[in-house]
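# Structural features, examined
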Amino acid sequence: MARDPFGRAKPRRLRRVLLGAAAVVALAAAAVPVFGPRIVADRLNPVTAAQPWHVSDEAAALHARLSIADLHADPLLWDRDLASERPEGHVDLPRLDRGNVAVQVFTTVTKSPRGQNYATNTAEAPDNITPLVIGQLRPVQSWFSLKERALDQAARLRRLAERHPEAVRLIRSRADLDGVLADRAAGKRVIGAILGMEGAHPLEGQIANLGVMEAAGFRLVGITHFFDNELGGSLHGTSQAGLTPFGREVVEGLVARNMVIDLAHASPAIVRQVLAIPGARPILSHTGIRSACDTPRNLPDDLVRQIAAKGGIIGIGFWADVTCDGTPAGIARAIRAAIDLVGEDAVGLGSDWDGSVGVPFDAAGLPALTQALIDQGLTEDQIDKVMGGNTIRYLRETLPR
């Protein structure tokens, strides 16, 4: 390298070096949002089966006749175009269509504690979601506000429905739901999308924000996620507390607005208190059955029975941590256990697709579950209820008119 009398690189050569270094940094920065989220999604959301599961002609024909509804999936967290089929993750519109899904709840995930586990998490732990939001170059306001983070994910779903009205339609009311189902009965392949919130911390402690979220399209709200928040204690938090005064105010607001209350990650104390609030008819959107899979992720059986007794739906998850068996047969056995516990009219699906879990099939692979339910000995009527009939009935009775 040419140098001046003092041993320093000559300016022209130095500029080239600096420009080259800047170009490398720029390319690296550009690569993070392009490749980083896919790498993370591939690692956190695998399909665990090496090849498709066998589905008989009988099961395929039955599956095609079903109106399928799933209560929980998290693809809005990942910055990918859901209108196009992608190799990573579990959910996009083409795969939902191939799986014959009629109604899908899309939940917004806004905060997740570092070292997340099913036993004890602190709200003060570093957040896993913030680096993902920044790495995906989401709007700057969503970097610092959980409310804005939820609204950004909600806007993704609205834009998807606006760009592809023939493929997906946002459901805000019973009339919207009936319209989607009527169109599907007429041969159209539209999918009904319901917007949900995983944990109500995006309300940021302000009851006025419940109206903001309702206006943004939210119709399902989980009380807590993996940590205690302003509403009360998490099933996986440190306090195991019940509802705070703000939490009770939010639950009463959800009842008044005909919005769905989700207790999937709520402490037992919160579950009992919500069940005692007049008009509350909560669900468990994604869970397993404790007596069939003894894990702290699953609520005790007596609380699950009480939720079902109030008219709620128990959505059975698709991952091994709640079923103790990560195969279609394992999910079918968990569904059978749920039917034995709460009856065939209170059980539905709660996949947790794209929720940082491994599952035996993606949305396109749902016929494997119909096959497994047949193998488990369920009748066609029971399969119809579990795969969507119960959830659709509940939504018709619960959503705003």
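Residues numbered from 1 in each chain as written. Predicted model: local features only at pLDDT ≥ 70, side-chain atom pairs only at ≥ 80, totals over all residues. Heavy atoms only, no water.

## Looking at the overall build of the protein chain
- The helix and strand inventory of the protein chain stands at 15 helices and 9 strands.
- For the protein chain, whose C-alpha radius of gyration is 23 Å, the value lies close to the compact-globule estimate of 21 Å for 401 residues.
- Viewed in the frame of its principal axes, the protein chain has a C-alpha envelope of about 90 × 55 × 40 Å.
- When the 401 residues of the protein chain are sorted by exposure, 55% land in the buried category.
- Taking all contacts inside the protein chain whose residues are at least 6 apart in sequence as the whole, residues at least 24 apart take part in 71%.
- With the model as given, the accessible surface of the protein chain reaches about 16,000 Å², and the carbon-plus-sulfur share is 56%.
- Charge centroids of the protein chain, computed over 44 positive and 45 negative side chains, lie 9 Å from each other. (Helix = DSSP H or I, 4+ residues; strand = E, 2+ residues; numbered from the N terminus. Rg over C-alpha atoms; globule rule 2.2 N^0.38 Å. Buried < 20%, exposed > 50% of the residue type's maximum accessible area, 1.4 Å probe, protein only. Contact = heavy atoms within 4.5 Å. Areas by Shrake-Rupley, 256 points an atom, 1.4 Å probe, with all protein chains shown as cover. Lys, Arg positive; Asp, Glu negative; His and termini not counted. Charge placed at Lys NZ, Arg CZ, Asp CG, Glu CD.)

## Focus: the packing of aromatic side chains
- Across all of its chains, the model carries 4 aromatic pairs by this definition.
- Where Tyr-118 meets Phe-226, the ring centres are 6.0 Å apart and the plane angle is 25°; that geometry is what we call stacked. Of this pair, Tyr-118 sits in the loop between β2 (101-108) and α4 (129-135) while Phe-226 sits in the loop between β5 (218-222) and α9 (245-256), and the two are 108 residues apart along the sequence. For the pair formed by Tyr-118 and Phe-226, the shared burial category is buried.
- Judged by centre distance (5.5 Å) and plane angle (80°), the rings of Phe-318 and Trp-353 are edge-to-face. Taken together, the residues span a long stretch of sequence, with Phe-318 in the loop between β8 (314-316) and α12 (320-323) and Trp-353 in the loop between β9 (347-349) and α14 (367-375) at a distance of 35 residues.
- Overall, Phe-318 belongs to the buried group, its relative accessible area being 0%. (Phe/Tyr/Trp six-rings, centres within 6.5 Å; stacked < 30°, edge-to-face > 60°.)

## What about unusual backbone geometry?
- Unlike most non-glycine residues, Gln-240 shows phi in positive territory, near 55°.
- By the element assignment, Gln-240 lies in the loop between β5 and α9.
- On the basis of relative accessible area, Gln-240 is assigned to the partly exposed category, the value being 34%.
- Of note in this structure, Cys-324 is not a glycine but carries a positive phi near 65°.
- Within the fold, Cys-324 resides in the loop between α12 and α13 (328-342).

## Some details on the environment of Gly-312
- The residue Gly-312 is located in the loop between α11 (301-309) and β8 in this model.
- For the pair formed by Gly-312 and Leu-284, sequence separation is 28 residues and the distance between their alpha carbons is 7.5 Å.
- Sequence-distant contacts of Gly-312, defined by excluding residues within four places in its chain, comprise Arg-281, Pro-282, Ile-283, Ile-307, Ala-346 and Tyr-394.

## Side note on the pairing of strand β1 (residues 68-73)
- Of all 6 residues in β1, 6 are buried; the element is thus mostly enclosed.
- Taken together, the 4 bridges between β1 and β2 define a ladder with parallel strand orientation. By the bridge assignment for β2, Ala-69 is matched with Val-103.
- Read from β1 through helix α3 (residues 93-98) to β2, the crossover connection turns out right-handed. (Pairing = 2+ DSSP bridges. Right-handed = clockwise from strand over helix to strand, strands pointing away.)

## Examining the pairing of strand β7 (residues 284-287)
- Two strands pair when backbone bridges link them, and β7 and β8 are joined in this way by 2 bridges, in the parallel orientation. The residue bridging Thr-287 from the neighbouring strand is Ile-316, located in β8.

## Observations concerning the pattern of salt bridges
- Scanning the entire structure with this criterion turns up 21 salt bridges.
- As a salt-bridge pair, Arg-80 and Asp-354 come within 2.6 Å of each other at their nearest N and O atoms. Taken together, the positions of Arg-80 in the loop between β1 and α3 and Asp-354 in the loop between β9 and α14 put the pair 274 residues apart, joining distant regions of the chain. For the residue pair Arg-80 and Asp-354, the accessibility class agrees, reading buried in each case.
- One salt bridge connects Arg-257 with Glu-214, and the closest N-O pair in it is separated by 3.0 Å. With a gap of 43 residues between them, Arg-257 in the loop between α9 and β6 (260-262) and Glu-214 in helix α8 (residues 208-215) connect regions that are remote in the sequence. (Salt bridge = Lys/Arg side-chain N within 4 Å of Asp/Glu carboxyl O.)

## A look at the nonpolar core
- Grouped together as the largest cluster of nonpolar side chains are 90 residues, with contacts concentrated most on Leu-263, Ile-335, Trp-353 and Leu-369.
- Element by element, the count of residues in this core is highest for α13, at 9 residues.
- The residues touching Leu-263, leaving out its near neighbours within four places in the chain, are Ile-223, Ile-270, Val-271, Val-274, Pro-282, Ile-283, Leu-284, Leu-299 and Ile-307.
- Listed in part, the 19 residues of the second largest apolar core include Ile-171, Leu-177, Ile-283 and Leu-399. (Core = buried A, V, L, I, M, F, W, Y, C linked by side-chain atoms within 4.5 Å.)

## Structural notes on the packing of helix α7 (residues 174-185) against helix α15 (residues 380-398)
- Their axes nearest at 8 Å, the elements α7 and α15 cross at an angle of 145°. Two secondary-structure elements touch here, α7 through Arg-174, Leu-177, Asp-178 and Leu-181 and α15 through Ile-392, Leu-395, Arg-396, Glu-397 and Thr-398.
- The residue makeup of the contact of α7 with α15, split by class, is 4 nonpolar, 1 polar and 4 charged. (Axes fitted to C-alpha atoms, helices over the stretch in contact; angles between N-to-C directions. Nonpolar A, V, L, I, M, F, W, Y, C, P; charged D, E, K, R; others polar.)

## Structural notes on the state of the cysteines
- Tallied over the entire structure, the rule returns 1 disulfide.
- Shown here is the disulfide that connects Cys-293 with Cys-324, its sulfur atoms set 2.0 Å apart. With the S-S dihedral at roughly 80°, the linkage between Cys-293 and Cys-324 falls on the right-handed side. Taken together, the positions of Cys-293 in the loop between β7 and α11 and Cys-324 in the loop between α12 and α13 put the pair 31 residues apart, joining distant regions of the chain.
- Relative accessible area serves as the criterion here: at 51%, Cys-324 is assigned to the exposed category. (Disulfide = S-S within 2.5 Å.)

## Section: the confidence of the model for the protein chain
- Considering every residue of the protein chain, the mean pLDDT works out to 92; 91% of them sit at 70 or more.
- Between residues 4-10, whose pLDDT stays under 50, and residues either more than four places distant or in other chains, the model counts 9 contacts.
- The model gives residues 20-32 a pLDDT under 50, and that stretch makes 3 contacts with residues more than four places away or in other chains. (pLDDT = per-residue confidence, 0-100.)

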